[in-house]
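Structure at a glance
Each chain, written out:
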Amino acid sequence: MSHQTIKLYSDANFFSPYVLSVFVSLTEKALPFSLHPVDLAVGEHLQDEFGRLSMTRRVPTLVIDDFQLAESSAIAEYLEERFPSPEYARIYPQDRQERAKAREIQAWLRSDFMPIRVERSTEVVFAGAKLSPLSDSGQQAAHKLIAGLEPLLADGRKNLFSEWCIADTDLALMLNRLALHGDVLPEYLQKYASYQWQRPSVQQWRALSQK
């Protein structure tokens, strides 16, 4: 096991989908770490003290001994390289092409779907918020998401690939923005998101957000 000192800087409400991704990555690899909430509402992330830890002044920021890294997908890839299998569990597929597709999905979720992210905030997922119906642009984004996932998940599989990977958690979060609000989703996507949401590492994060 690791002897490094690992710190994860998180939003204070534990609502961030990006901190969730890193939290799950660390938990799946069984790496001991401490959580350090940052109050974004009062601008704590913009203060010089946090700026010395995080180049981007955003969460998540990971500190391992004297190494600092922000941006959730960069952190997950770093953790996979620094703490490889078989000593540590994999969080990306072993197959090179599947691994590339997992990273494609992560990048897609982070760079697209702004209407969904705005109109279905993570308060829906973690606090049960009920919001207005999706706008036209929100519906278009949801349709684009569903259409893109159909070739991957329409057969009813429980994971994107042969085994779970961190892209499954990221995707389930995006889908649950819609599913937990009652927006229309194909049944196979509802079942996929529900199954992924029961993963123990995700449940540990949910327990934090519900305190």
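Please read all numbers here as calculations on a predicted model, not as lab measurements.

At their nearest, the axes of helix α1 (residues 17-28) and helix α10 (residues 200-209) sit 9 Å apart, and the two run at 130° to each other. With respect to their mutual orientation, α1 and α10 come out oblique. The handedness of the crossing between α1 and α10 comes out as right-handed. Taking contact as the criterion, the partners of V19, L20, F23, V24, T27 and E28 in α1 are, on α10, S201, V202, Q204, W205 and L208.

What follows covers the packing of aromatic side chains. Applying the stated rule across the entire model yields eight aromatic pairs. Relative to W205, the ring of F14 has its centre 5.6 Å away and its plane inclined at 85°; by these criteria the two rings are edge-to-face. Residue F14 is located in the loop between β1 (6-11) and α1, and its partner W205 is located in helix α10; the two are separated by 191 residues in the primary sequence. The exposure class of F14 is buried, given its relative accessible area of 11%. On the basis of relative accessibility, which here comes to 0%, the residue W205 falls in the buried class. Taking 5.3 Å as the distance between ring centres and 75° as the angle between the ring planes, the aromatic pair formed by F83 and Y88 counts as edge-to-face. The pair formed by F83 and Y88 is uniform in burial state, with each residue classed as buried. Each member of the aromatic cluster is reached from another via a ring pair, and the members are F14, F23, F33 and W205. Its end group placed over the ring of Y92, R103 keeps NZ or CZ at 5.2 Å from the ring centre.

All right, on to empty space enclosed by the protein then. This model, assessed by the stated rule, comprises one cavity of 30 Å³ or more. Size it by volume and the largest cavity reaches roughly 110 Å³. What lines the largest cavity is P17, Y18, L20, L109, R110, R117, T169, D170, L173, M174 and R177. Looking at the lining of the largest cavity element by element, the count peaks at five residues for helix α8 (residues 166-179). Split by residue class, the lining of the largest cavity holds six nonpolar, one polar and four charged. Split by domain, the lining of the largest cavity shows at least three residues from each of two domains, domain 1 (6-90) and domain 2 (96-199).

A word on the nonpolar core. Of all hydrophobic cores here, the largest spans 61 residues; its most connected members are L145, L171 and L175. Ranked by the residues each element gives to this core, the list is headed by α8, at eight residues. Each of domain 1 (6-90) and domain 2 (96-199) accounts for three or more of the residues forming this core. In this structure L171 touches L109, L145, L149, L153, L160 and Y192, once residues within four positions along its chain are discounted.

Calculation rules
Residue positions within a chain follow its written sequence, with the count starting from 1. For a predicted model such as this one, the threshold for reporting local features is a pLDDT of at least 70, and the threshold for listing and counting side-chain atom pairs is 80 or more; totals across whole chains, interfaces and linings nevertheless cover every residue. To get the side-chain values, all heavy atoms of the structure are used, and hydrogens and water are removed first. Here, axes are lines fitted to C-alpha atoms. For helices the fit covers the stretch in contact, and angles between N-to-C directions go from 0 to 180 degrees. Secondary structure elements follow DSSP: runs of H or I no shorter than four residues count as helices, runs of E no shorter than two count as strands, and numbering proceeds from the N terminus. Here the angle decides the label: under 35 degrees means roughly parallel, over 145 means roughly antiparallel, 65 to 115 means roughly perpendicular, and every other value means oblique. Left-handed is the label given to a crossing in which the near helix is rotated counterclockwise from the far helix by less than a right angle, and right-handed is the label when the rotation is clockwise. Residue contacts are counted whenever heavy atoms from the two residues lie within 4.5 Å of one another. Only Phe, Tyr and Trp rings are paired, with Trp represented by its six-membered ring, and only when their centres lie within 6.5 Å; those with planes under 30 degrees apart are stacked, over 60 edge-to-face, the remainder tilted. The cut-offs for exposure are 20% and 50% of the maximum accessible area for each residue type, with area from a 1.4 Å probe on protein chains only; residues under the lower value are buried, those over the upper are exposed, and the others partly exposed. Both a distance and an angle decide whether a charge sits over a ring: NZ of Lys or CZ of Arg must be within 6 Å of the ring centre and within 35 degrees of the ring normal. Cavity and pocket criteria rest on a 1 Å grid covering protein atoms alone: a 1.4 Å probe that fits but cannot get out defines a cavity, protein on both sides within 12 Å along at least 5 of 7 lines defines an open pocket, and an atom within 4 Å of a point defines a lining residue. Grid points are joined across faces, edges and corners, and a volume is the space filled by probe spheres set on the points. Classification convention: Asp, Glu, Lys, Arg as charged; Ala, Val, Leu, Ile, Met, Phe, Trp, Tyr, Cys, Pro as nonpolar; all other residues, Gly among them, as polar. Just so you know, the domain bounds were taken from an automatic or database domain assignment. In this description, a nonpolar core means a group of buried Ala, Val, Leu, Ile, Met, Phe, Trp, Tyr and Cys residues linked to one another through side-chain atoms lying within 4.5 Å.

Function cannot be read off these values alone, since they describe shape.
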